[in-house]
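# An overview of the molecular structure
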Amino acid sequence: MAPSVLKQFGEKKPGLDYLPRTGAYGILERDGRIACARIGYSDFTYDLPGGAVDPGETPEQAVVREYREETGIDARVVRPVTDLLHYFIHDDGTPYNNHCYFYEMAWRGENPSAKVEPDHELVWLNPLQVFTNLKNEGYAWAFLLWLRAHSQNRGAEPVLPLLG
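Along each chain, the written sequence defines residue order, and numbers are assigned to residues from 1. Where local features are concerned, this predicted model is filtered to residues with pLDDT of at least 70; where side-chain atom pairs are given and counted, the filter is 80 or more; whole-chain, interface and lining totals use all residues. Side-chain measures here rest on the full set of heavy atoms in the structure, leaving out hydrogens and waters.

### What to know about the packing of aromatic side chains
Definition in use: When two rings of Phe, Tyr or Trp (its six-membered ring) have centres within 6.5 Å they constitute a pair, described as stacked for plane angles under 30 degrees, edge-to-face for angles over 60, and tilted for the intermediate range. By definition, any uninterrupted DSSP run of H or I lasting at least four residues is a helix, any uninterrupted run of E lasting at least two residues is a strand, and each is numbered from the N terminus. Throughout this description, buried means an accessible area under 20% of the type-specific maximum (1.4 Å probe, protein chains only), exposed means over 50%, and partly exposed covers the range between. Consider the ring centre and the ring normal. A charge sits over the ring if Lys NZ or Arg CZ is within 6 Å of that centre and within 35 degrees of that normal.
Taken as a whole and assessed by the stated rule, the structure comprises eight aromatic pairs. Relative to Trp 141, the ring of Phe 9 has its centre 5.6 Å away and its plane inclined at 40°; by these criteria the two rings are tilted. Placement of Phe 9 in strand β1 (residues 8-9) and of Trp 141 in helix α3 (residues 137-153) is noted, with a sequence separation of 132 residues between them. Using a relative accessible area of 11% as the deciding quantity, one classes Phe 9 as buried. In this structure Trp 141 comes out as partly exposed when scored by relative accessible area, which is 25%. Counting every residue linked through ring pairs, the aromatic cluster contains Tyr 25, Phe 102 and Tyr 139. The lysine or arginine in question, Arg 30, covers the ring of Trp 107, its NZ or CZ lying 3.7 Å from the ring centre.

### Thoughts on the pairing of strand β2 (residues 19-30)
This is how it is decided: A pair of strands counts as paired when DSSP detects no fewer than two bridges linking them.
Sheet analysis places β2 next to strand β7 (residues 95-110), joined by 10 bridges and oriented parallel. Its bridge partner being in β7, Gly 26 is matched across the sheet by Tyr 103. As paired elements, β2 and strand β5 (residues 50-52) share three bridges and run antiparallel to each other. In the sheet register, Ala 24 faces β5, and the bridge partner there is Gly 51. Sheet analysis places β2 next to strand β3 (residues 33-39), joined by two bridges and oriented antiparallel. Directly across from Arg 30, in β3, lies its bridge partner Arg 33.

So this is what it looks like as structure tokens:
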């Protein structure tokens, strides 16, 4: 069997040397809503909570840490959803090709004192808002894969109100 090829997202700008980076992101559903991070102060963008994997960390450990730091939520990894590659330019100007791992997460509780990123605000969005407002197309693709699998695993009746 041939190895699978990861889907590549983002725009590779000519003349830039993209460094490899690993990131981990989580999808957490609660009462039909999805936890997202609204980022920024004036021009808001929406993202799935997550970020870079630190040295010595697994992607699973990173997504749990990032959830706490960005949202103040203690969560645990339930299962992997998918992974992909994404070209992007970091806020510091460094070009990366991010190997992004996506996980389904489960609520464990709130830990407001662990939230250390003041420009990230926890918001709960319905699935259509998540799909249409995530800042990166690859993240929206990963979310759609999760939503489809999540709905199929629950039977014929949809469990998440799309517009609710």
